[in-house]
Amino acid sequence: MAHIILRHRDIPELNTLPVYQRNGGFAAFKKAVTGMKPEEVTAVVKNSGLRGRGGAGFPTGMKWGFMDNNNWPHYVVANADESEPGTFKDREIMEGNPFQFLEGVAIASYAVGANAAYVYLRGEFWQVAAFLDQKIEEMEQAGFLGDKLFGTDYSLRIYTHLGAGAYICGEETALLESIEGKRGQPRLRPPFPPSFGLYGKPTVVNNVETLTNVPLILENDADWYKSLGTADSAGVKVFSLSGRVKKPGNYELPFGTTFRELIYTHGGGIIDDRPVKGIMAAGASSSIIVADEKALDTPMDYASVRTLGGDLGSASVIVLDDTIGIDWVVNKTIHFFKHESCGKCTPCREGNYWMQHLTERIHSGQGDASDVELLNSVARQMQGKCLCALGEFATMAVVTGIERFPEDFSVKTRV
Amino acid sequence: MRKQVRLTIDDRQITAPAGTLIVNAAKQIGIDIPVFCYHPKMEPVGMCRMCLVEVGRPIIDRNTGQPVLEDGQPKIQFGPKLETACTTPVSEGMVVRGMSEKAKAGQNEIVEFLLTSHPLDCPICDKGGECPLQNLTMEHGPGKSRFLYDEKFHLEKRVPLGDLIFLDRERCIQCARCIRFQDEIAGEPVIGFYNRGRATDIVTYTDPGFDSVFSGNTTDICPVGALTTSDFRFGARTWELKSTASVCGQCPVGCNIVFNTRREAKADGRIVIKRVMPRQNEQVNEIWLCDKGRFAYHYTENGARLSRPLVKKNGKLEASSWDEAAAIAGGKLRSADGEVVVLASGRLSNEDLFNLKSLADGLGGKALLYTQMGGGDLTARFGVGAGTNFGEMGAGTTILVAASDLYNEAPVWHLRVKGAAKRGATVIVANGRETKLDAFAKYVVRYAYGDEVETINGLQQKEKIGEAITSAENLVVLFGSDGLGLNGTSNLAAACAELVQGRAGKPNNGLIGVWPKANDQGAWEIGFRPTDDLSSELKGKTVYVVAADPAGDDPQLAAALKEAKFVIAQELFQTATADLADVVLPAQAYTERDGSFTSGERRAQRFYAAVPAFGESQADYAITALVADAAGVELADSAGQVFENLVVTVEAFAGLTYEILAETAEQWPVVGRGDMYYGGTTYENTRGLGAHLVGWGERGETASRPRVQEETELRPKEGQWLAVPVTKLYDQGLTVRSSKLLESHIGAATVTLHPEAAKRLGAGAGELVEISLNGTTAQVSVLLDETVSASVALLPRGMGLPISGPVVAGLKKV
């Protein structure tokens, strides 16, 4: 099947304006601006069943519909912070298929009445940002951005904005704070960005991949998109496959594809053909799924993955085989979260620091059974108390790792 | 009024306005929900997670919109997670469980988290005994630590953020109260977080560090011992301290304070002041103080204080007895045949001033106020009405600040006016230069120095500003002495009074003088008046100078005093004036005696003796009574009696008693009780909120239209400059100079010039220039400010140069 998101894999030089235009580029944006009312665009996206690809899977059209129309101006922000360990899809999209992404930004902006949109990229993506700046300039010159587009009264400008190296800035409110020039720390929610977003104004924050879907949805209509994927999760998803597989990489597949197909058909199976032990479907923020036969045959959509005691998240599938100790995995993730905790709320700031000491001790063989018990207790003590999801996610691998792979913790520990 | 909702907190049914946060709704019925980051004066942030409670809401039937009932009661659905009481507003039918097992467990777990990285060094911590973390640990903390002590995160324990505030990085729990105070309340975001996670640090952005005059407040609201003042750091254990209510004597705001005292070995067993703390008065200072008020008290304990009466014998001042000194002084006053001048300043209490005025009247002499600012007769008439409260001003109120740099002249008013602006009040600043308040003003009117009166007279003709003044529901006008002397301020006051005269006596309406001294308003009410030719008044007279140092301020006045017939000086220190005196009488500092001040808002407030007297010094009113007795005038010699005489003599004080001044009322937010985690270590007000003087309108008199005098124009000639006096918070005044803690904030004498003008002079920033004015020449260093006009030189008062009003000066490069 031809790609929808990773179209550059089928069409060489799609990241140049002439090629993109030759392949229908900006037809959808033009159609929207010249022939559709903003709310009609939102309705199409709503009907398509498109859900946010950043991890939460919130229905995109519904989010657009929440924009407070009594408060102006409106903004659109593309979340290109892509900092979840194991996620590397947005970079490929922005480098390979930048115009489709930017066209998605433009259509979203038209749909919510925004005249300014921001692409927030993680600091390490400075080259990508420079590349996008160039593409944005080309769009301006070609009349796809700027004042009075396509002879209408609608005007739009897109700006890129670089972060400064903080995982937390992928959290949408921390991201907004960062654009405003403040410390990248999450805000209290509610209010949510559609009522109180960038500079206190209604704002839609969507992931890069989410927005990249939009032009083709508009072009081919909602039903076409809904026909892909599953009833629960419409359309296609770019799965970032990594870990102990032979062919790691991005794979664009319809929702509902099984883990087995992803790992074995596309990923070429496990290195040295060893058995799969666990799967982290949402990067470091994952619950660790026990990779038994049933799990491998589970279709990858939001609802099905949940039945396994996991979450699909941004579909950054990290595959663990039997050479990997789960205590090592847990130690790794906690080091990450301890480093990335913003420090705003107590449980996350103190809990991750505490857990890091415990996982380090357990993994290095210095711990005993009481340390494992304590680790589990500290993680559970953090749950449900943090200001944002970071602290909650930090506990996932710990709690599920200890619960589902107890042998990896008892082997290492001296009782 | 906001819609009231009914809810249940810990099985108690209450009603509260919709939108009230759970933590405050609980507080109002006496239920304490523990908090660290939440503070009732600031926006909620929900960071520390201490206030976790169970919150249930009625299940609403989607079809009917009515609550689903179960056994006739609405069915309540509790969320899966605990919620923060500090960020969740109350709603109809809500059920809050703050004491349930689940809520308690959540709170206990947060305390455990906080303690993992806290050094637990309570035995050497200044906050010990009044520490929210310590107290909540007693209530919620685990008895045993599950965290290995060796794994504690160690950080620097002695980080000076500025010279007044120290940070202990280990103790900090990252609640950001200090940062938010500086940002939201002080409007000076000079500190912030650096780094992230467990490594999050408080840092200062300024050089010099923590460059704010409100920095001390952060130590009151810090819920741990992370921020301490250099004044109290390792000074005492809090439980050893006694508290005495007082009123700050540094400026006309009249902030309510507490002196914390203890008997101290290193002070030879004397009782000494260990620190100054704010005392809540929501109508005056809320729970805040400026750093001058907090730290300048040290002048009272300076060893150079006068301890015995002195009498001039053979041209030299020699120690004497009270009897002898009073007899000589009184005898000279009596024999002066009415040629007596009592010269006193607003540093004195109402009681002191009343006795001095009575003495002057009894002798047929004059009672002169030593000041550079006029208009007190007008504030006495058109002052703000009883019930005035900047804390309640918001939309509908217009506040005009004319010729005043509130930040330097009365910092807490700056803070309060800024707060009113945030709540929607229209603030208009009219000044000859930029001041800190400009940033929070809706309108800024810039005039050339000399055009003050014209500018104020013209405001009502301006379209938007005129509208804001005339159609304001409430109008408060503050006027100061930025760039003005006695004449200028008198005229300015008259112009300002015209704006408010129809509103006089109404709460939140009227005129306020931003006086140089704490009790200038009281002095005016009692009948002291300044004169524009003090030199002539002094020559040949028998002069009784109290709490003023004219000889030290101005060589011309020193010369005049030398020509006086006889000089009696009543002071704390051996000033230049005391050097010229024939009799020197040692006065007690206001920390050592009882009395009352009248604030710029015409609120009379009591203060109480906190420490024993220095040496043989006596209270000013008592000294005056002693001297008066020898002069044949009978006066009361106890504070209470003097006040009783005052209220029957001076109409503005009619009906007041010390008991009335000592009355208190319930204030919101509730602070200073057992739950210091809520409001901070600010003291609850138990010794009196003070009372307003009787207003003009209430006295049944009609106001006459104030008269504007002609101002003599000052026109500098070619090559000359218009030197304009401005007020500097930390000047070389007696109370700052003698307080060693603030010495480094005084700095050198400066002159502020426009960059272009400085260039013409050939002087750059920081370079020295020579200035000549009023017969004095001095070297001062140059500061640059683009907002002053080209021929103007701004000179701070009280920095060694005799400048009371604008004057033509010469400047040249050194």
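Residues numbered from 1 in each chain as written. Chains lettered and ligands numbered in written order. Predicted model: local features only at pLDDT ≥ 70, side-chain atom pairs only at ≥ 80, totals over all residues. Heavy atoms only, no water.

1. Digging into the overall build of chain B
- In terms of regular secondary structure, chain B is built from 26 helices and 37 strands.
- The C-alpha atoms of chain B give a radius of gyration of 28 Å, which matches the 28 Å a tight globule of 814 residues would have.
- Its C-alpha atoms give chain B principal-axis dimensions of roughly 90 × 65 × 60 Å.
- Counting over 814 residues, chain B shows a buried share of 61%. (Helix = DSSP H or I, 4+ residues; strand = E, 2+ residues; numbered from the N terminus. Rg over C-alpha atoms; globule rule 2.2 N^0.38 Å. Buried < 20%, exposed > 50% of the residue type's maximum accessible area, 1.4 Å probe, protein only.)

2. Remarks on the overall build of chain A
- Helix and strand content of chain A: 18 helices and nine strands.
- Relative to its length of 415 residues, chain A is compact, with a C-alpha radius of gyration of 22 Å against a globular reference of 22 Å.
- Considered along the principal axes of its C-alpha atoms, chain A spans approximately 75 × 45 × 35 Å.
- The proportion of buried residues among the 415 residues of chain A is 62%.
- Entry remark: accessible area of chain A is about 15000 Å², with carbon and sulfur atoms responsible for 52%.
- Measuring between centres, the 41 positive side-chain charges of chain A sit 2 Å from its 50 negative side-chain charges. (Areas by Shrake-Rupley, 256 points an atom, 1.4 Å probe, with all protein chains shown as cover. Lys, Arg positive; Asp, Glu negative; His and termini not counted. Charge placed at Lys NZ, Arg CZ, Asp CG, Glu CD.)

3. Digging into a nonpolar patch on the surface
- A surface patch of nonpolar side chains, about 280 Å² in accessible area, is lined by A:Phe58, A:Met62 and A:Phe66.
- Here A:Phe66 lies in the loop between α4 (60-65) and β1 (74-80). (Patch = residues over 30% accessible without salt bridge, like charges linked within 9 Å, V, L, I, M, F, W, Y side chains within 5 Å. Salt bridge = Lys/Arg side-chain N within 4 Å of Asp/Glu carboxyl O.)

4. Section: the nonpolar core
Residues and elements named next belong to chain B.
- Ranked by internal contacts, the top residues of the largest apolar core, which has 101 residues, are Leu7, Val23, Ile202 and Leu753.
- Looking at this core, you find at least three residues from each of domain 1 (4-114) and domain 4 (721-813).
- In this structure Val23 touches Ile33, Val35, Tyr38, Ala85, Cys86 and Tyr678, once residues within four positions along its chain are discounted. (Core = buried A, V, L, I, M, F, W, Y, C linked by side-chain atoms within 4.5 Å. Domains from an automatic or database assignment. Contact = heavy atoms within 4.5 Å.)

5. Some remarks on the pairing of strand β22 (residues 426-431) of chain B
All names here are of chain B.
- Among the six residues in β22, six count as buried, and that is most of the element.
- Neither face of β22 is left uncovered, since the one carrying Thr426, Ile428 and Ala430 and the one carrying Val427, Val429 and Asn431 both have all their residues buried.
- With five bridges connecting them, strand β21 (residues 397-402) and β22 associate as parallel partners. In the sheet register, Val401 faces β22, and the bridge partner there is Val429.
- As judged from the four bridges shared by β22 and strand β23 (residues 443-446), these two strands associate in the parallel manner. Within β23, the residue paired with Ala430 across the bridge is Val445. (Pairing = 2+ DSSP bridges.)

6. Examining the interface of chain B and chain A
- In this assembly, 33 residues from chain B lie in contact with 30 residues from chain A.
- Taken together, both faces of the contact between chain B and chain A bury some 2700 Å²; the carbon and sulfur share is 56%.
- Taken as a group, B:Phe113, B:Arg146 and B:Arg196 account for 29% of the area that chain B buries against chain A, more than any other trio of residues on that side.
- Counting every contact that joins chain B to chain A gives four salt bridges.
- The closest approach of N and O atoms between B:Arg196 and A:Glu340, which form a salt bridge, is 3.1 Å.
- In this assembly, chain B and chain A are joined by 24 residue pairs in polar contact (both at pLDDT 80 or more).
- Sorting the residues of the side of chain B that touches chain A by element identifies α2 (101-116) and β11 (191-194) of chain B as the ones contributing at least two each. (Buried area = accessible area lost by both parts, 1.4 Å probe. Polar contact = N/O pair within 3.5 Å; in protein donor to acceptor, adjacent residues only side chain to side chain.)

7. Quick word on the sheet that holds strand β29 (residues 595-598) of chain B
Residues and elements named next belong to chain B.
- One open sheet holds the three strands; their spatial order is β29-β30-β31, and the pairing between them is antiparallel. At either end of the open sheet lies a strand with only one pairing partner, and these are β29 and β31 (691-692).
- Examined bridge by bridge, β29 and strand β30 (residues 603-607) share four bridges and lie antiparallel to one another. The residue bridging Phe597 from the neighbouring strand is Gln605, located in β30.

8. Points about the side chain of B:Arg433
- On the secondary structure map, B:Arg433 appears in the loop between β22 and β23.
- Engagement of the side chain of B:Arg433 in a polar contact is seen with the side chain of B:Asp482, the distance being 2.6 Å.

9. Quick notes on the sheet that holds strand β16 (residues 270-278) of chain B
All names here are of chain B.
- What the three strands build is an open sheet, ordered β14-β15-β16; its pairing is antiparallel. Two strands close off the open sheet at either side, each with one partner strand: β14 (242-247) and β16. For this sheet, the mean inter-axis angle between neighbouring strands, taken without regard to orientation, is 35°.
- Note that strand β15 (residues 256-264) and β16 share eight bridges and pair antiparallel. Across the sheet, residue Glu264 finds its bridge partner in β16, namely Arg270. (Axes fitted to C-alpha atoms, helices over the stretch in contact; angles between N-to-C directions.)

10. Observations concerning the packing of helix α4 (residues 177-185) of chain B against helix α11 (residues 411-422) of chain B
All names here are of chain B.
- Orientation of α4 relative to α11, taken along the N-to-C sense of each, is 75°, at an axis distance of 10 Å. Considered as vectors, α4 and α11 are oriented roughly perpendicular to each other. Taking contact as the criterion, the partners of Asp183, Glu184 and Ile185 in α4 are, on α11, Leu415, Lys418 and Lys422.
- Classifying every residue of the contact of α4 with α11 by side-chain character gives two nonpolar, no polar and four charged. (Parallel < 35°, antiparallel > 145°, perpendicular 65-115°, else oblique. Nonpolar A, V, L, I, M, F, W, Y, C, P; charged D, E, K, R; others polar.)

11. What to know about the pattern of salt bridges
Residues and elements named next belong to chain A.
- Applying the stated criterion to the full structure yields 71 salt bridges over all chains.
- A salt bridge links Arg91 to Glu95; its shortest N-O distance comes to 3.2 Å. Here the residue Arg91 and the residue Glu95 both occupy positions in helix α5 (residues 89-96), the gap between them amounting to four residues, near one helical turn.
- According to the relative accessible area criterion, Glu95 is partly exposed, its value standing at 32%.
- The closest approach of N and O atoms between Lys277 and Asp408, which form a salt bridge, is 2.6 Å.

12. Some points on the domain arrangement of chain A
Residue and element names in this part refer to chain A.
- Structurally, chain A comprises domain 1 (7-226), domain 2 (236-321) and domain 3 (326-410).
- The interface of domain 1 with domain 3 comprises 13 residues on the first partner and nine residues on the second.
- Counting across the domain 1 and domain 3 interface gives zero salt bridges.
- Across the domain 1-domain 3 interface, the total number found is three residue pairs in polar contact (both at pLDDT 80 or more).
- Considered class by class, the residues forming the side of domain 1 that touches domain 3 number six nonpolar, four polar and three charged.

13. Here's the deal with the environment of A:Glu403
- Summarising the element assignment, A:Glu403 is placed in helix α17 (residues 389-404).
- Each C-alpha atom, one on A:Glu403 and one on A:Tyr225, is 39 Å from the other, the two residues being 178 residues apart in sequence.

14. Section: the packing of aromatic side chains
- Applying the stated rule across the entire model yields 33 aromatic pairs over all chains.
- Taking 6.1 Å as the distance between ring centres and 55° as the angle between the ring planes, the aromatic pair formed by A:Tyr75 and A:Tyr118 counts as tilted. Remark: A:Tyr118 occurs in strand β2 (residues 114-121) and A:Tyr75 occurs in strand β1; sequence separation between them is 43 residues.
- The class of A:Tyr75 is buried, set by a relative accessible area of 13%.
- Measuring from centroid to centroid gives 5.2 Å for A:Tyr353 and B:Phe153, while their planes differ by 75°, and the two rings are edge-to-face. Of this pair, A:Tyr353 sits in helix α15 (residues 346-363) while B:Phe153 sits in the loop between α3 (132-140) and β9 (159-160), which puts the two residues in different chains. (Phe/Tyr/Trp six-rings, centres within 6.5 Å; stacked < 30°, edge-to-face > 60°.)

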